[in-house]
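Coordinates in review
Okay, here's what each chain looks like letter by letter:
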Amino acid sequence: QVHLVESGGGLVQAGGSLRLSCAASGRTFSGYGMSWFRQAPGKEREFVAGIIWSSGRTNYADSVKGRFTISRDNAKNTVYLQMNSLKPEDTAQYYCAARGGVYYSSSLYDEQKYNYWGQGTQVTVST
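These notes cover the structure that comes with them. (Residues numbered from 1 in each chain as written. Predicted model: local features only at pLDDT ≥ 70, side-chain atom pairs only at ≥ 80, totals over all residues. Heavy atoms only, no water.)

Let us look at the packing of aromatic side chains. For the structure on display, the rule yields seven aromatic pairs. Relative to Trp 53, the ring of Phe 29 lies with its centre 5.5 Å away and its plane at 45°, an arrangement referred to as tilted. Residue Phe 29 is located in the loop between β3 (18–25) and β4 (33–39), and its partner Trp 53 is located in the loop between β5 (46–52) and β6 (58–60); the two are separated by 24 residues in the primary sequence. Trp 53 carries the same exposure label as Phe 29, and that label is buried. Connected via pairs of aromatic rings, a cluster forms that spans Phe 37, Phe 47, Tyr 109, Tyr 114 and Trp 117. Over the aromatic face of Tyr 95 sits the side chain of Arg 45, whose NZ or CZ is 5.3 Å from the ring centroid. Lying over the aromatic face of Trp 117, Arg 45 brings its terminal NZ or CZ to 3.8 Å of the ring centre. (Phe/Tyr/Trp six-rings, centres within 6.5 Å; stacked < 30°, edge-to-face > 60°. Helix = DSSP H or I, 4+ residues; strand = E, 2+ residues; numbered from the N terminus. Buried < 20%, exposed > 50% of the residue type's maximum accessible area, 1.4 Å probe, protein only. Lys NZ or Arg CZ within 6 Å of the ring centre and 35° of its normal.)

It is worth spelling out the nonpolar core at this point. Within the largest apolar cluster, 38 residues are counted, with the highest numbers of intra-cluster contacts made by Met 34, Trp 36, Leu 81, Met 83 and Tyr 94. Mapped onto this core, the elements with two or more residues apiece are β3, β4, β5, β7 (68–73), β8 (78–83), β9 (92–99) and β11 (121–126). Among residues more than four places away in sequence, those in contact with Leu 81 are Leu 18, Arg 19, Leu 20, Trp 36, Val 48, Ala 49, Phe 68, Thr 69, Ile 70 and Tyr 94. (Core = buried A, V, L, I, M, F, W, Y, C linked by side-chain atoms within 4.5 Å. Contact = heavy atoms within 4.5 Å.)

Let us now look at the state of the cysteines. This model, assessed by the stated rule, comprises one disulfide. Each sulfur in the disulfide pair Cys 22 and Cys 96 lies 2.0 Å from the other. Taking the sign of the S-S torsion, -75° for the link of Cys 22 and Cys 96, the bridge is left-handed. Residue Cys 22 is found in strand β3, and its partner Cys 96 is found in strand β9; the two are separated by 74 residues along the sequence. Residue Cys 96 is classed as buried on the basis of its relative accessible area of 0%. (Disulfide = S-S within 2.5 Å.)

Right, dumping it as C-alpha cells:
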C-alpha cells in the first residue's frame, strides 16, 4: 500500500517562495508518476506539476510554468514542489498523488488515473 505524506505548506506573501515535500512509502516507484494537484475553495481540483519517477521527465500546468519546479530524490523517496513568485491565485490545498504505469509525461495530467493521494497541505498567499 502506497502512503503519501505532504508537508511544507504555510502562509507566504505574494512574490515569496515555498517548498512542498511529499514523502512516499510502501513500494518502489519505478514506472510511477508522481504529481501535485491543488484545489482552491469553490473550484475543482487541478493538475499543477508531475514527474515520471524513472526518467525524471516533468510536466506543468501553464499557470505555473517558469515559477514552479517539481523534482524527486530517489534515496529519500520524496517528491518536491519548489514554488517561486507565488501569487494569491496559487492559494489552495495542495495534494500529492501517485499512479503506476506512467511512461509518458502526457499521462501525468489525468487526475482520474491516480490511485494514491496524500491528505494535502494548505498554501495561502497573501497580497
